[in-house]
Structure formats: C-alpha cells, structure tokens
Amino acid sequence: MRHRTSRWGVMPHGGWRPSRLDLLLALAVMVAGQVESFGRQGIEPGQIRHPVPLAAGAVVAGVLLLLRRRFPMSMLIGLLVVGIGVREVTDAGYYAAWHFYSTLILVHTVASAAELRSRRGLAGLGCVLLSYAYLQTFQHNDVAEVLISAVFVGVAYTSGILLRRQIDRTLRLARQAARLEAGREERARQAVAGERARIARELHDIVSHNVSLMTLHTGGVRMMLGDDPGHERERALLTGVERAGREAIEELRLMLGMLRAPGGTGAEPYPAGLDRLDALVAQVEEAGPAVRTRVEGEARPLPPGLDLSAYRVIQEALTNALKHARATRIDVTVTHSPAAVTVEITDDGPPSGAKSGPGGGLGDGGEGGHGLIGMRERVAMHGGELSAGPVPGGGYRVRARFPLG
C-alpha cells in the first residue's frame, strides 16, 4: 500500500523521512528515559543503580522510533535487542518504562504495516509475540502483571489493524471518487462532442439546402437570359456563381458528410423549426400532460440554424418533463421581439430532492443527464443565454434567449 500525507509524513515504501509524529514520539521517549534513568537513581530496591546504560538505551529507542514507518519489524526486533543489552550491562531486574512505551508504539506500527493474512503480516505478528515473551522474563512479574501487559500489547496491535483498515478504506473511496469524477467528465465531454456533431450535421443540411437552392435559381436565371449576345457578361457571372455553389456543396459533403450517422444516405428531410411546434406539442399531449402554447410578438422568418436550435431546446425540455417530472401541465411560451427570440418551458412537476427530472432538474434528464448540456451548446452557438432551475412553489423552468443579429 503506497500513500503519502503531507502533514504526518506517512511515507510510501522506500521513503525514509520521519514525520512530525515520529519526531514527537522519539523526543518523548528520549526525554522520559533520561528523567526515569537519573530521577530514580539509587541503591534501594526499585531504584536504578546504573542510570547511564538505561539513558543511552532510551536515546537508541528514540532513534528506532524515527525509522518505525520504514522498517517496523526491524525496529521492533532492534528495540528487543536494546532491552536485552541494557539488562545484561546493568545486571538488574529493573524494567524501564521507556522500553515498554516504545514497544507499544512499535507493536502498533507493525500491525498497521501489513495485512495479517499476508506473509509480512504473519512475520510481524511473530515479532510482536517475541516482544511480549521478553516482557515475561522478569522474575517479579505476577499474574496480574502478565495480564496487564497482555491487555496493553493487544490494544496496541488491534489499534494498528484498525488504523490500517481505515486507511485502506479511505484510499479506496478516494480512488473510487476519482474514477467517478473522471467518468462523469468523460461522459460530459462525449455528450458535448455528440451534440456538436449533431448540430454540425443539421447545419450541413441547412447550408447544403440553401446553397443548392441558390445554385438552381442562378442556373434558372442564366437559362432565362437565353443566347442573347448582349447578356454574355451576365451569363458569365451567373455561370461563375453556379460553379462556386457546386464547389461549396461538394466541399461541405467532404468536410461535414462524415458526421452523418453510419449508413446515412444524405437524403434526410429538411430539419424542423418553430413552425412544427404544434405537431411536437400534439405528440407530447398524447403521452399524458396538457401542454399550453403561447406565442407573443409578431412571428417572422428566422435564420434556419437559430430556428432549428430553438425548436430543439423546446423538444428537449418537453421530453425531459415527460420522462422525469411527472408533470400534469406544461406551458410553452415563444416570444418574438426585434432583438431576440425567447422560448420558455415551465412544468408543474412536484418538487423533490432527486437529481433528475423537473422539480429536481428538468435539464438534467434525458440521456444520462446530458439534456442540459445539449441545450447549452445550442444556445451558446448563437450567442444566447440559457437558464434552468426550480420554480418557487414547485415545478421547473427552462428559458433560452436567442439574440437576432
């Protein structure tokens, strides 16, 4: 398990820098060892006759704690050797408190270093049992002392296991959240790319249709001029316009034709517009909710691309309201003004905490939550503005404004 935290210095395998906690624990053991060694110096029973070896052992134990995360089992065995060495040098039965505290810290570290069911975990458990056995070699230990030391060692080992499991769970959740976030962003990018491709296909149809009409009309005018020599210049100009139109159509097919669906013939009908709104509303009403349509202002011909985008926004909003909102009534308002065309779709879906559907997000419905993304792309393409959100008292509203340039 490789991880790093910036504050407490949990290092990946191969790291050596001690953390702040390691420094604090090492300093505590060293200072406590000096106080214990020289503070209890004396010749009476229970006192320390040779304080220097014990004080030196406390310093060594502190150094071992600095490296506990890098070599947990080795440091625990090293601490055991230090304890045996100090005992042999002093030739006394006194057991230093700093050694016991250091043992608990290293037992905790060993338990948190590896899964118990792994070979490394079993080896760590063996080191822990060996250290506990050393504690029982002092002759003055009675049954109560044996049980007390067992409780402390057991708690230290169990807390290490729990810490390791908590770290593993946290890292697993963090990785899962990162994957979900990456997947959400990828789906959003795919939705934007798909919507742009669909818009490009529709614009290809519009431009090709209009250029074809212009080319045909130009050819018709040229033919109406006949062979009159007095119109030679006009016929030449018209011929050039026809040629340019045909070249433009061919280039459009080469550049944008690939965006059509596989197997497409290029013979799709001319895209819809606001003039087909009544047919769209009729289809929605057949599915259940009542749809009320209102047109304000004086309607006039719109640019084909803008007309199509306004229709698609209404279509997407109605589809999402039908699929996700459980609405009984939907109001569609189209407002024509000299400066802009505005479409507004409002439903009476019940308010909820759901993430999809009107009342919980009309624009979030549709294909995996990509409806609002597609609407924004269409409106932004014409320099417009889109707003979507809950309505006070219940329901949801989508409003798109398309400026007329």
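Everything in this summary refers to the structure shown in the same document. For clarity, every value in this text was computed on a predicted model and none was experimentally measured.

Here the focus is the nonpolar core. One broad rule of soluble globular proteins: the nonpolar side chains tend to lie buried together. In terms of nonpolar packing, the biggest core is built from 32 residues, with Leu76, Trp98, Val107 and Val128 touching the most fellow members. At the level of secondary structure, the elements contributing two or more residues to this core comprise α1 (20-39), α2 (51-66), α3 (72-90), α4 (97-113), α5 (119-135) and α6 (143-224). The leading source of residues in this core is α4, at eight residues. Among residues more than four places away in sequence, those in contact with Val128 are Leu76, Val107, Val110, Val153 and Tyr157. Grouped together as the second largest cluster of nonpolar side chains are 31 residues, Ala321, Ala327, Ile330 and Val341 included.

With that out of the way, let us pick up helix α8 (residues 277-286). If you check which residues of α8 are buried, you get Leu277, Leu280, Val281 and Val284. Viewed end-on, α8 has its buried residues packed into an arc of 100 degrees, placing them on one side of the element. Projecting away from the buried face of α8 at angles above 90 degrees are the exposed residues Asp278, Gln283 and Glu286. Just downstream of α8, Gly288 is the residue with a positive phi angle, here 140 degrees.

What follows is about the pattern of salt bridges. Taken as a whole and assessed by the stated rule, the structure comprises twelve salt bridges. Glu115 is the salt-bridge partner of Arg164, the closest N and O atoms lying 2.8 Å from each other. Remark: Glu115 occurs in the loop between α4 and α5 and Arg164 occurs in helix α6; sequence separation between them is 49 residues. Its relative accessible area of 3% is what places Arg164 among the buried residues. Arg329 serves as the salt-bridge partner of Asp331, at 3.5 Å between the closest nitrogen and oxygen. Residues participating in the shared-partner salt-bridge network are Glu115, Arg117, Arg164 and Asp168.

Bringing the environment of Pro338 into the picture now. Checked against the element boundaries, Pro338 lands in the loop between β2 (329-336) and β3 (340-347). Measuring from C-alpha to C-alpha, the distance between Pro338 and Arg300 comes to 9.9 Å, with 38 residues separating the pair along the chain. Residues in contact with Pro338, not counting those within four places in the same chain, are Arg300 and Leu404.

Another point: the sheet that holds strand β4 (residues 385-390). Strand pairs in the sheet, formed through backbone hydrogen bonds, run parallel or antiparallel to each other. Strand order in this open sheet of five strands is β1-β2-β3-β5-β4, and the pairing throughout is mixed. Two strands lie at the open edges of the sheet, namely β1 (290-296) and β4, each paired on one side alone. Each strand axis lies, on average, 10 degrees off the axis of its neighbour in the sheet, ignoring direction. Relative to β2, β1 is paired through seven bridges, and the arrangement is parallel. What sits directly across from Thr293, in β2, is Val332.

Parameters at a glance
Residues numbered from 1 in each chain as written. Predicted model: local features only at pLDDT ≥ 70, side-chain atom pairs only at ≥ 80, totals over all residues. Heavy atoms only, no water. Core = buried A, V, L, I, M, F, W, Y, C linked by side-chain atoms within 4.5 Å. Buried < 20%, exposed > 50% of the residue type's maximum accessible area, 1.4 Å probe, protein only. Helix = DSSP H or I, 4+ residues; strand = E, 2+ residues; numbered from the N terminus. Contact = heavy atoms within 4.5 Å. Arc of directions from axis to C-beta. Salt bridge = Lys/Arg side-chain N within 4 Å of Asp/Glu carboxyl O. Pairing = 2+ DSSP bridges. Axes fitted to C-alpha atoms, helices over the stretch in contact; angles between N-to-C directions.

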